[in-house]
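Analysis of the macromolecular model
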Amino acid sequence: MGELGVREDVAVLIGDDGHIAAVAPYAELMTQAGEAAVQEVDGVLFPGFVDCHTHAVFGMARLDDHERRSRGAGYKEIAAAGGGILSSVRDVRQRSYDELVELTRHRLDRLLALGSTTVEVKSGYGLALEAELKQLEVIAAMAADGGPQVVPTFLGAHEVPQEYRPRADEYVELVIHEMLPAVERQGVARYCDVFCEPGVFTVDQSRRVLQAARRHGLRAKLHADELDPSGGAELAAELRAASADHLAAISEEGIAALAASETVAVLLPGTMMFLGQRRQAPGRRLIDAGAAVALATDFNPGSSPGMSLPLMATLAASQCGMAPAETITAITVNGAAAVGEAHTRGQIAPGFRADLVLAAVRDWRELVYWYGDNLVTEVWLGGRACHPRRWAVNFIV
Ligand SMILES: [Zn+2]
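A brief structural summary. All of these numbers come straight from a predicted model, not from anything done at the bench. (Residues numbered from 1 in each chain as written. Predicted model: local features only at pLDDT ≥ 70, side-chain atom pairs only at ≥ 80, totals over all residues.)

1. Points about the sheet that holds strand 11 (residues 293-295)
Which entries qualify depends on this criterion: Note: two strands are recorded as paired if DSSP finds a minimum of 2 bridges between them. A helix here means a DSSP run of H or I that spans at least four residues, while a strand means a run of E at least two residues long, and both kinds are numbered starting from the N terminus. The angle between two axes is taken between their N-to-C directions and runs from 0 to 180 degrees, where each axis is a line fitted to C-alpha atoms and a helix contributes only its stretch in contact.
Pairing in this open sheet of eight strands is parallel, and the strands run 4-5-6-7-8-9-10-11 from one edge to the other. Each edge of the open sheet carries a strand with a single partner, namely strand 4 (49-51) and strand 11. Across the sheet, the mean angle separating the axes of adjacent strands is 25° when strand polarity is ignored. Pairing geometry for strand 7 (residues 191-196) and strand 8 (residues 219-224), over six bridges, is parallel. Note on strand 8: the bridge partner recorded for Tyr191 is Arg219.

Next comes the structure, spelled out in structure tokens:
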């Protein structure tokens, strides 16, 4: 993960199919390119960033929760005051498809402006058949919108909805027998994710949902070991999940299980920072053990309203013991692996999609250094310059 191929004075030849045809010394490619349109750029060109974990379809921001937390309120107190994840569920259930499309489009514009050319987006604020499908259809609409490439994930088992408390097992049955077949029929998801955490879904419930998902053609992802080491990482490895995400409380056994598997360890350092948790996932130990580590924003209204992958890279360098080069691998190559696209994106190399990000820096390490700014000046999606709407408003309604 620490070995980047950094090259100077090169040109990237983009084919008509939107894929990279060649990467070679500038002078050499100029003779090959002939009459082709040439665009000279100044700065550092990165592969488009891959944000492999977001919850970008939601309604309102949760400003009251944030304010309460800043004054020391915990999860239970916030929920008792009408906030928390179930407030986002009530909101998404009553909101129209069109409103959600409008809100999500603005957020994907911002993600693109920050350099994310591929974005995984989860459902999970519906927690009922119709509302989950509505979210997945919003995600499908985004895929056809000309913005970042979207990878859709069904997260019906994000939380136990109010009406099923304390009957979590019955809700799990609903997810397995009603939601998963409908999601497969509509063809609106590629992955199935579960929030595996004590007090939400157990390891056994998570296993049942993800095994059923596989029968419906969906590959597994897992929210695992965020606050307590419950065996989520081990379950992800057992199920050959594409990724195990969060991992701030991963056990030694969990680290060993991920290191021995193809499952990508996705760290979400923005979440721990925003929640005021004074710890982070053990990025250094995961890498040293041999795990593939990716970074993502976890963009969502409750625990991580941030959209910048470069900021996640800075946090990983400062708080997870990752070298700057490893953080770049984590937001490109390994992010792509976490959404099953390691062979198509995340690298500037022949055959890969021409998803490119230009940053106004001289040394690539500056991307991880100048935190809190957006250094991205230009983005190409499949070879097409898309001039992201830099000042699009992430408005709250
Ligand atoms: Zn999440």
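On we go from here.
2. So, the packing of helix 6 (residues 129-143) against helix 7 (residues 168-186)
Inclusion rule: The sense of a crossing depends on the near helix, which, turned anticlockwise from the far helix by less than a right angle, makes the crossing left-handed and, turned clockwise, makes it right-handed. The contact criterion used here is simple: two residues whose C-beta atoms, placed from the backbone, lie within 7 Å are in contact.
Put simply, helix 6 and helix 7 touch, their axes get as near as 10 Å, and they point 30° apart. The two elements helix 6 and helix 7 meet at a crossing, and its hand is right-handed. In contact with Leu129, Glu132, Leu133 and Leu136 of helix 6, helix 7 contributes Glu178, Met179, Ala182, Val183 and Gln186.

3. Details of the pairing of strand 13 (residues 376-381)
Where strand 12 (residues 356-359) lies against strand 13, four bridges are found, and the strand directions are antiparallel. Counterpart to Leu356 in the pairing with strand 13 is Trp380. Pairing of strand 13 with strand 14 (residues 384-385) involves two bridges; the strand directions are antiparallel. Counted as the bridge partner of Leu381 is Arg384 from strand 14. Between strand 13 and strand 14, which pair antiparallel in sequence order, lie two residues; one of them, Gly382, sits at a positive phi of approximately 55°.

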